[in-house]
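A closer look at the structure
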Amino acid sequence: MRASRALAPALSTVGATAALVLLGRYAAPHHPEQQVGVPWRPPGSDALLGTDGLGRDVLSRVLYGGTDLMAVSLLAAVVAAGCGTALGLAAGWTGGRLARAVFWLCDLLLSVPALVLALVLAVALPGATAVVVASVLSGTPLTARVVAGEAALLRGSGHVRAAQERGETVSYVLAREVLPALRGLVTADAGLRLVTALQLASALAVLGLGPQPPDADWALMLSENLPGAALNPAALLAPAALLAGCAWAPAAAAHRVGQGREYAV
């Protein structure tokens, strides 16, 4: 009960963010590329967040700007968590040479900073693809190490031994006995992988290696609106606040889920 109450604010933020990303564009008062006034006009009754450097409605661009960013980040997180879980289960259950090979590969991938990897990949690949590949290569080792440790411990647990004594196959035991016990861990780790992917996608966009103008994108809006921050701070603060919220909510939810696992033990 204590963990559920603590988790509620993060889940509420996640739900609000999802609603904004999926439905926000339908509430936008203008097309994101439509000019509605003079550049850098402060917030007013006809433009609640003012205008940007090209006179476009900031509110409309904010309501449009999270869809592609979150879609790419979510895809990267799911793939990274899935690959890491599969590798971790194999290493933790089998042990021996396979585990050593998996850990060696994890150490090799972790030796390269995620942002550096994303920047190198962005030179040859589209921004979205670079984010997904970099997130998978940098996130999979972290997930694999955590899952492998837990899977190795679960191998000796009573319900797993009972399934083995019934004659169940390894794939059945992993899918029906081990993986459900790791559900909280994998969910929490996936939240962290989402945060990493969001950070990489935002960094590439700010550096001009992601979405290109006139696309509406929260991260791209940071670099576009920085020159006019003194004239219309809302044009910079609005996307910055949304990016911060999107990064905080999954991280907080992952932390609370992890605490919930501790309470349940």
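A tally of regular secondary structure across the chain gives 11 helices and zero strands. The helix and strand sequence of the chain, counted from the amino end, reads α-α-α-α-α-α-α-α-α-α-α. Counting every position in the chain, which comprises 265 residues, the buried fraction comes to 42%. A fraction of 71% describes how many contacts in the chain between residues 6 or more apart in sequence connect residues 24 or more apart. Of the roughly 13100 Å² of accessible surface on the chain, 67% is carried by carbon and sulfur atoms. Taken together, the 17 basic and 15 acidic charged side chains of the chain have centroids lying 11 Å from each other.

Bringing helix α5 (residues 114–124) into the picture now. The complete set of buried residues in α5 reads L117, A118, L121 and A122. Down the axis of α5, the buried side of the element spans an arc of 135°, and every buried residue falls inside it. In α5, the exposed positions angled more than 90 degrees off the buried face are occupied by V120 and V123. In this structure, the buried side of α5 is in contact with α6 (127–154) and α9 (183–206).

Structurally, the position occupied by R193 is in helix α9. For R193, a relative accessible area of 7% translates into the label buried. Not counting the four nearest positions on each side in its chain, R193 is found in contact with A77, A80, G139, L142 and T143.

Glancing now at the packing of α9 against helix α10 (residues 218–225). For the pair α9 and α10, the least separation of the axes is 8 Å and the interaxial angle reads 35°. In this structure, α9 meets α10 at a crossing whose hand is right-handed. Between α9, through S202, A205 and V206, and α10, the contact on the second element is made entirely by A219, L220, L222 and S223. By residue class, the composition of the contact of α9 with α10 is five nonpolar, two polar and no charged.

What follows concerns the side chain of D57. You can see D57 is positioned in the loop between α1 (2–23) and α2 (58–64). Of the side chains bearing the opposite charge, R41 lies closest to the buried D57, which forms no salt bridge; the N-O distance is 6.7 Å.

A general tendency of soluble globular proteins is for nonpolar side chains to be buried together. Residues V62, L69, A134, L198, L204, W218 and L243 are the most contacted members of the largest nonpolar core, which totals 28 residues. Broken down by secondary-structure element, the contributors of at least two residues to this core are α2, α3 (67–94), α5, α6, α9, α10 and α11 (234–264). Residues contacting L198, with those up to four places away along its chain left out, are L69, M70, S73, L243, C246 and A247. Residues W93, L182, L185 and V186 belong to the second largest nonpolar core, which totals 13 residues.

Before going further, it helps to spend a moment on the pattern of salt bridges. All told, the structure shown has nine salt bridges when counted by the stated rule. Where D52 meets R61, a salt bridge forms, and the shortest distance between an N and an O atom there is 3.7 Å. Judged by relative accessible area, which is 1%, R61 ranks as buried. With a closest N to O distance of 3.6 Å, E224 and R61 form a salt bridge. With E224 in helix α10 and R61 in helix α2, this residue pair connects regions lying 163 residues apart in the sequence. Three or more residues are tied together by salt bridges with common partners; here these are D52, R56, R61 and E224.

Our next topic: the confidence of the model for the chain. Across the chain, the average pLDDT comes to 88, with 93% of residues at or above 70. Of all helices and strands in the chain, the one with the weakest mean pLDDT is α1 (72), whereas α2 scores best (95).

A few words on a nonpolar patch on the surface. Residues L87, W104, L105 and L108 make up a contiguous nonpolar surface patch of roughly 390 Å² in combined accessible area. By residue number, the principal contributor to the nonpolar patch is helix α4 (residues 96–110), which donates three residues. Mapped onto the fold, W104 is located in helix α4. Residue W104 is classed as exposed on the basis of its relative accessible area of 58%.

Here is what the cut-offs are and how they apply
Residues numbered from 1 in each chain as written. Predicted model: local features only at pLDDT ≥ 70, side-chain atom pairs only at ≥ 80, totals over all residues. Heavy atoms only, no water. Helix = DSSP H or I, 4+ residues; strand = E, 2+ residues; numbered from the N terminus. Buried < 20%, exposed > 50% of the residue type's maximum accessible area, 1.4 Å probe, protein only. Contact = heavy atoms within 4.5 Å. Areas by Shrake-Rupley, 256 points an atom, 1.4 Å probe, with all protein chains shown as cover. Lys, Arg positive; Asp, Glu negative; His and termini not counted. Charge placed at Lys NZ, Arg CZ, Asp CG, Glu CD. Arc of directions from axis to C-beta. Axes fitted to C-alpha atoms, helices over the stretch in contact; angles between N-to-C directions. Left-handed = near helix turned anticlockwise from the far one by under 90°. Nonpolar A, V, L, I, M, F, W, Y, C, P; charged D, E, K, R; others polar. Salt bridge = Lys/Arg side-chain N within 4 Å of Asp/Glu carboxyl O. Core = buried A, V, L, I, M, F, W, Y, C linked by side-chain atoms within 4.5 Å. pLDDT = per-residue confidence, 0-100. Patch = residues over 30% accessible without salt bridge, like charges linked within 9 Å, V, L, I, M, F, W, Y side chains within 5 Å.

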